[in-house]
Amino acid sequence: MSELTRQAVRIRPDIAAMAAYTPTSSLEMFGERLGLAPCEIVKLDANENPYGPAPSALAALAVIEDVNIYPDPTSSKLRALLSEYVGVDAGHILVGAGADELITRTLELFIEPGDAIVNCPPSFGMYPFDAALAHARVIDVPRRADFSLDVDGIEAAVREHAPKLLFLCSPNNPDGSLIPPDVLDRLLALPVVVVLDEAYIEFSGVESAAPRVPQLENLIVLRTFSKWAGLAGLRVGYGIFPLDLMAHLWKIKQPYNLNVAADLAARASLLDVPELLGNVALLIEERERLARALADVPFLQPYPSRSNFILCRVTGMEAADLRAALEQRGILVRYYNSRGLSDHIRISVGLPEQTDRLLAALRDIGEGA
């Protein structure tokens with residue numbers, strides 16, 4: 001390659017230097033690697049809903065038509081149904097290909113190169129990942145040992161760095177803790193836009209902050225169909241934004257960002273909410289059973305969770321080794337090789353029979369330790 005060509009194809013230095021985000025893989029790929037059929041694998045690493053979509057969503061997908069025609073660029077029918085579900089006028093709602101897309105659009109709306117955002121790790125890794133792509137400075141205010149927010153630290157960071165955005169997750173991923181209402185009120189009093197990710201709110205037992213958005217200028221709430229509605233593979237998310245932001249968001253949204261299949265399945269899901277919330281109730285019940293059982297495992301210290309997963313500190317062995325031992329038994333859990341989480345695993349709540357198999361594997365590993 002000539003020097004001239006080298007100069008022409010040179011990529012951004014910050015991207016060349018950045019670490020890659022490590023997502024989970026598919027059942028098919030895991031099966032090939034482990035020599036197992038997908039049905040033999042217990043996948044508890046990505047907080048997916050093991051009960052899957054509503055029957056009505058599957059029925060809608062089975063008779064899908066007009067896939068040769070572009071989808072409705074405004075997702076108007078879906079937004080009307082979301083308005084009823086969330087209790088906010090449809091004019092506040094923007095739909096995206098997963099909540100991830102709404103994170104990107106929000107950053108695009110606010111961030112100029114060099115602007116700052118506040119991140120509170122450990123939390124969802126896409127906040128700093130997408131912020132870096134938007135040329136934002138990421139100001140980390142780490143959570144305390146119990147994963148609660150360092151509110152004094154956040155206030156100090158806002159005073160010092162004048163960030164455009166503060167990213168929060170409640171229930172927080174990866175530990176499942178909630179932001180208390182008084183803490184959220186204190187943060188909303190700061191001169192910063194609060195982006196509140198409620199991907200797991202249906203599992204929490206508390207009310208969403210979404211109905212507050214119309215009364216506030218600096219609150220954005222992000223939600224998803226991936227978890228409670230079992231549509232992770234179709235990528236359907238939505239955001240509730242102040243009205244004065246919506247006109248500008250429509251300008252920068254990709255025209256046909258939500259595909260026809262995702263739109264149909266999401267609409268069908270919102271017509272079958274009792275069925276889906278019944279599955280949520282089953283997962284909450286199973287979460288509590290799993291938490292009690294994990295507390296009796298000598299080498300695990302589970303944290304309280306209000307989501308569909310449980311974070312555990314691993315003691316007496318390396319967390320990476322425990323993850324590998326479970327994987328060899330066909331059980332997948334999430335391991336974080338990152339600051340503050342290197343000795344932790346996160347376990348998604350599965351079906352009762354998946355919990356039984358996990359617990360048997362943990363007993364087997366403990367006996368062999």
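Everything numeric in this text was worked out from a predicted model, so none of it was measured.

(A) Seen up close, the packing of aromatic side chains. Following the criterion strictly, the structure yields 8 aromatic pairs and no others. The interplanar angle of 10° and the centroid separation of 5.0 Å between the aromatic rings of Tyr85 and Trp228 together place this pair among those described as stacked. Placement of the pair is Tyr85 in helix 5 (residues 76-86) and Trp228 in the loop between strand 7 (219-224) and strand 8 (237-240), with a sequence separation of 143 residues. Accessibility expressed as a relative area gives 0% for Trp228, which makes it buried. An aromatic cluster is built from Tyr85, Phe225, Trp228 and Tyr238, whose rings are joined through pairwise contacts. Of note, Arg346 hangs over the ring of Phe309, and the distance from its end group to the ring centre comes to 5.5 Å.

(B) Highlighting the pairing of strand 2 (residues 93-96). What you see with strand 2 is no split at all: Ile93 and Val95 on one side and Leu94 and Gly96 on the other are buried throughout. Bridge analysis of strand 2 against strand 8 gives 4 bridges, and the strand direction is antiparallel. Across the sheet, residue Leu94 finds its bridge partner in strand 8, namely Gly239.

(C) Broad picture of a nonpolar patch on the surface. A contiguous nonpolar surface patch, about 240 Å² in accessible area, is contributed by Ile11, Ile15 and Leu133. Among the structural elements, Ile15 can be located in helix 2 (residues 13-17). Of the residues examined, Ile15 reaches a relative accessible area of 33% and is grouped as partly exposed.

(D) Fine view of unusual backbone geometry. A cis geometry characterises the amide bond from Pro121 onward to Pro122, with omega recorded as -5°. Note on placement: Pro122 falls in the loop between strand 3 (116-119) and helix 7 (126-133). Cis geometry marks the peptide bond from Ser170 to Pro171, where omega comes out at -5°. Within the fold, Pro171 resides in the loop between strand 5 (165-169) and helix 9 (181-188). A positive phi angle, close to 60°, is found at Asp66, a residue other than glycine. Summarising the element assignment, Asp66 is placed in the loop between helix 4 (55-62) and helix 5.

(E) Main features of helix 11 (residues 260-270). Most of helix 11 is tucked away: 9 of the 11 residues are buried. Turning to helix 11, its buried residues are Val260, Ala261, Ala262, Asp263, Ala265, Ala266, Ala268, Ser269 and Leu270. Tucked inside the fold, the buried residues of helix 11 contact helix 4, helix 5 and helix 12 (273-295). If you check the start of helix 11, you find a side-chain oxygen 3.0 Å away from the backbone N of Ala261, and it comes from Asn259.

(F) View of the sheet that holds strand 6 (residues 193-197). Ordered by their spatial adjacency, 7 strands build an open sheet running 2-8-7-6-5-3-4, and the pairing between neighbours is mixed. Either end of the sheet is taken by a strand with one partner, and the two such strands are strand 2 and strand 4 (137-140). On average, adjacent strands in this sheet sit at an angle of 20° to one another, irrespective of strand direction. In this sheet, strand 4 lies alongside strand 3 in parallel orientation, the contact comprising 4 bridges. From the neighbouring strand, Ile117 faces strand 4, where its bridge partner is Val138. Where helix 8 (residues 151-161) meets the sheet, its contacts fall on strand 3, strand 4 and strand 5, and the angle it forms with strand 4 comes to roughly 150°. Taken strand by strand, helix 9 contacts strand 5, strand 6 and strand 7, and its axis lies near 145° from that of strand 6.

(G) Quick look at the side chain of Asn47. Mapping Asn47 onto the fold places it in the loop between strand 1 (42-44) and helix 4. Look at Asn47 and you get buried, because its relative accessible area is 1%. A polar side-chain atom of Asn47 sits 3.4 Å from a polar atom in the side chain of Arg346. If we ignore the near neighbours within four places in the chain, the residues touching Asn47 are Asn173, Tyr200, Lys227, Asn308, Phe309, Arg346 and Ser348.

(H) View of helix 9. Within helix 9, burial applies to Val183, Leu184, Leu187 and Leu188. Summarising the axial view, the buried residues of helix 9 lie within an arc of 135°, below the 170-degree limit, and thus occupy one face. In helix 9, the exposed positions that point more than 90 degrees away from the buried face belong to Pro181 and Asp182. Looking at the packing, one finds that the buried side of helix 9 touches helix 8, strand 5, strand 6 and strand 7.

(I) Focus on the packing of helix 12 against helix 14 (residues 352-368). At a closest axis distance of 11 Å, the pairing of helix 12 and helix 14 adopts a crossing angle of 10°. Taken together, the axes of helix 12 and helix 14 lie roughly parallel to each other. Across the interface between the two elements, Glu286, Arg289, Leu290, Ala293 and Leu294 of helix 12 pack against Pro352, Thr355, Asp356, Leu358, Leu359 and Leu362 of helix 14. Class assignment for the residues of the contact of helix 12 with helix 14 results in 7 nonpolar, 1 polar and 3 charged.

(J) Region of the structure containing the nonpolar core. The biggest cluster of nonpolar side chains holds 83 residues, and the ones touching the most others in it are Phe225, Leu300 and Leu362. In terms of residue count, helix 12 provides more of this core than any other element does, 7 residues in total. Core analysis: the second largest hydrophobic core is formed by 24 residues, Phe110, Cys169, Ile220 and Met246 among them.

(K) Spatial organisation of the pairing of strand 8. The two faces of strand 8 match: Gly237 and Gly239 on one face and Tyr238 and Ile240 on the other face are all buried. In terms of strand pairing, strand 7 meets strand 8 through 4 bridges, oriented antiparallel. The residue bridging Arg223 from the neighbouring strand is Tyr238, located in strand 8.

Criteria and cut-off values
- Residues numbered from 1 in each chain as written.
- Predicted model: local features only at pLDDT ≥ 70, side-chain atom pairs only at ≥ 80, totals over all residues.
- Heavy atoms only, no water.
- Phe/Tyr/Trp six-rings, centres within 6.5 Å; stacked < 30°, edge-to-face > 60°.
- Helix = DSSP H or I, 4+ residues; strand = E, 2+ residues; numbered from the N terminus.
- Buried < 20%, exposed > 50% of the residue type's maximum accessible area, 1.4 Å probe, protein only.
- Lys NZ or Arg CZ within 6 Å of the ring centre and 35° of its normal.
- Pairing = 2+ DSSP bridges.
- Patch = residues over 30% accessible without salt bridge, like charges linked within 9 Å, V, L, I, M, F, W, Y side chains within 5 Å.
- Areas by Shrake-Rupley, 256 points an atom, 1.4 Å probe, with all protein chains shown as cover.
- Salt bridge = Lys/Arg side-chain N within 4 Å of Asp/Glu carboxyl O.
- Contact = heavy atoms within 4.5 Å.
- Polar contact = N/O pair within 3.5 Å; in protein donor to acceptor, adjacent residues only side chain to side chain.
- Axes fitted to C-alpha atoms, helices over the stretch in contact; angles between N-to-C directions.
- Arc of directions from axis to C-beta.
- Parallel < 35°, antiparallel > 145°, perpendicular 65-115°, else oblique.
- Nonpolar A, V, L, I, M, F, W, Y, C, P; charged D, E, K, R; others polar.
- Core = buried A, V, L, I, M, F, W, Y, C linked by side-chain atoms within 4.5 Å.

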